[in-house]
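Examining the three-dimensional arrangement
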Amino acid sequence: MNKEPIILGIESSCDDTSAAILKGNKILSNEVANQDIHQLYGGVVPELASRAHQQNIIPVVDAAIKKANISKSDIDAIAFTKGPGLLGSLLVGSSFAKSFALGMNIHLITVNHMQGHILSHFIDEGKEIPKFPFLCLTVSGGHTQIVRVESPKKMEVIGTTIDDAAGEAFDKSAKILRLPYPGGPLIDKHARNGNIHAFEFGKPKVKELDFSFSGLKTSILYKIQNMMQKNPKFIDENLEDLCASIQHSIVSILLKKLEKAIKQTGITELAIAGGVSANSYLRSELQKLADKKNYNLYIPKFEYCTDNAAMIAIAGYFKYINNDFADQSETPSARLHF
Ligand code: KG4
Ligand code: ZN
């Protein structure tokens, strides 16, 4: 029997530099360096992200190798995020991966970041994994998709956002509420004791399985500007209710389209992935829906929701066992599709 491959995964598509070591489909290590610098600017500054990746990449890879208790020469392949993402950030990971593959004379594997989020469900943690075909609601800072997943190789986007992503809706709403970046987790936190029906915001009308969040953002902005003119302490006095109502609006938009996709496809095997899948209200509302309708729902561990290299390594593993390798001519792609 062939030995299980040891794969080094590299993720650098946005503002997290991450390296992970996988043996077969089991994680030996998963190191992530976050970039706090962007908090000063209320959003990710691409040039600063790229520079921070350059500083972080070697120490993060070093830490992942040490934590996995292996040596560099044990690694059989290196998998990296080819896109989508910020070009300057992707360039750091891809240049590192290509040099590492060349220097160590090992296989190079390219991974689509969004497919990585989806395939994170297949990291062996002793829990049940989704059965094919399944629907994955992939919700991150840059994307909002409903994906029909037929196999690790065959995935089709059947619904997507026509403007902002769900994570952007969280982050931009948080900015209006004067919360620091990234605001998603803070809205989640403040929403816990708030009333979801305290405020009503505009609901999008988008056809088929597509999403829209820009109207909601404008509706939140106008309502808050209006109320602040009457009472300058409006945000402070209503923060919990505002967060709960905004979160409820975003999650309702997501669930409505997911339910429509379930009806259209007849698929009741469901998964969520991406940074926004860490949202506690989305997780509990989806679980309620699944329990009520008898759907099978797969929710990733928190550490595999936001950007991480473990998901890139597992996607790399599926390519490795299919002998699907890349070469030194690979370049990153900011708008990579499936
Ligand atoms: O997948 P991810 O780490 O990076 C991208 O590929 O974009 O997703 C980041 C997004 C951010 O918009 C962040 O605010 C959001 O995920 N996020 C959350 C939560 N945790 C992260 N949004 C709502 N609730 C959370 N708990
Ligand atoms: Zn992501």
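Please read these numbers as outputs of a predicted model, since none were measured by experiment.

A few words now on the coordination of the zinc ion (ligand 2). His113 (NE2), His117 (NE2) and Asp307 (OD) make up the full set of protein donors to the zinc ion (ligand 2), lying at 2.0 to 2.1 Å. Look at where the donors of the zinc ion (ligand 2) fall in the sequence and you get H-x3-H-x189-D. Taken together, the positions of His113 and His117, both in helix H3 (residues 113-119) and four residues apart, correspond to about one turn of that helix. There is no split in this pair, since His113 and His117 are both buried.

Taking burial as the measure, the eight residues of strand S2 (residues 16-23) include seven buried ones, the bulk of the element. Pairing between strand S1 (residues 6-11) and S2: six bridges, direction antiparallel. Bridge pairing in S2 links Leu8 to Ile21. Here S1 hands over to S2 after four residues, the two strands then running antiparallel side by side. One ladder, built from eight bridges, connects S2 with strand S3 (residues 26-34); its direction is antiparallel. Bridge pairing in S3 links Ser18 to Val32. Between S2 and S3, which pair antiparallel and follow one another directly, the connecting turn spans two residues, one of which, Gly24, has a positive phi of 60°.

Counted by the stated rule, this structure contains nine aromatic pairs. Between Phe122 and Phe318 the ring centres are 5.8 Å apart and the planes differ by 85°, which places this aromatic pair in the edge-to-face class. With Phe122 in the loop between H3 and strand S6 (134-139) and Phe318 in helix H9 (residues 310-321), the pair connects residues that are 196 residues apart, well separated along the chain. Using a relative accessible area of 7% as the deciding quantity, one classes Phe122 as buried.

Volume-wise, the largest pocket comes out at about 1600 Å³. Residue lining of the largest pocket: 50 residues in total, with Cys14, Ser140, Gly141, Gly142 and Tyr181 positioned closest to the centre. Listed by contribution, the elements that provide at least two residues to the lining of the largest pocket are S3, H3, helix H4 (166-176) and helix H5 (184-191). Among the elements that line the lining of the largest pocket, the one with the most residues is H4, at six residues. In terms of residue class, the lining of the largest pocket is built from 17 nonpolar, 22 polar and 11 charged. Each pocket or cavity is described by its volume, and for the second largest pocket that value is around 380 Å³.

Moving on, we get to the nonpolar core. Leu137, Leu177, Phe213, Ile224, Ile250, Leu254 and Leu282 are the most contacted members of the largest nonpolar core, which totals 48 residues. Listed by contribution, the elements that provide at least two residues to this core are S6, H4, H5, helix H6 (214-230), helix H7 (234-265), strand S9 (269-273) and helix H8 (280-293). If you look at the next biggest cluster of nonpolar residues, it comprises 29 residues, including Phe122, Tyr304, Ile312 and Ile314.

In the vicinity of ligand 1, 19 residues are found, and the nearest of them are Gly141, Asp171, Asp188, Asn279 and Asp307. Gly275 has a polar backbone atom sitting 3.0 Å from an oxygen atom of ligand 1. Between Asp307 and ligand 1, the recorded distance is 2.9 Å, taken from a backbone N or O atom to an oxygen atom. For ligand 1, whose free accessible area comes to 560 Å², the fraction covered by protein is 90%. A molecule is said to occupy a pocket when more than half its atoms come within 2 Å of that pocket's grid points, and by this definition ligand 1 occupies the largest pocket. For the shell around ligand 1, the secondary structure elements donating two or more residues are H3, H4 and H5. Split by residue class, the shell around ligand 1 holds five nonpolar, 11 polar and three charged.

So, how was this worked out
- Residues numbered from 1 in each chain as written.
- Chains lettered and ligands numbered in written order.
- Predicted model: local features only at pLDDT ≥ 70, side-chain atom pairs only at ≥ 80, totals over all residues.
- Heavy atoms only, no water.
- Donors = N, O, S within 2.8 Å, 3.2 Å for Na, K, Ca; no water.
- Helix = DSSP H or I, 4+ residues; strand = E, 2+ residues; numbered from the N terminus.
- Buried < 20%, exposed > 50% of the residue type's maximum accessible area, 1.4 Å probe, protein only.
- Pairing = 2+ DSSP bridges.
- Phe/Tyr/Trp six-rings, centres within 6.5 Å; stacked < 30°, edge-to-face > 60°.
- 1 Å grid on protein atoms, 1.4 Å probe; cavity = no way out; pocket = protein on both sides within 12 Å on 5 of 7 lines; lining within 4 Å.
- Points joined across faces, edges and corners; volume = space filled by probe spheres on them.
- Nonpolar A, V, L, I, M, F, W, Y, C, P; charged D, E, K, R; others polar.
- Core = buried A, V, L, I, M, F, W, Y, C linked by side-chain atoms within 4.5 Å.
- Near = heavy atom within 4 Å.
- Polar contact = N/O pair within 3.5 Å; in protein donor to acceptor, adjacent residues only side chain to side chain.
- Areas by Shrake-Rupley, 256 points an atom, 1.4 Å probe, with all protein chains shown as cover.
- Sits in = over half its atoms within 2 Å of the grid points.

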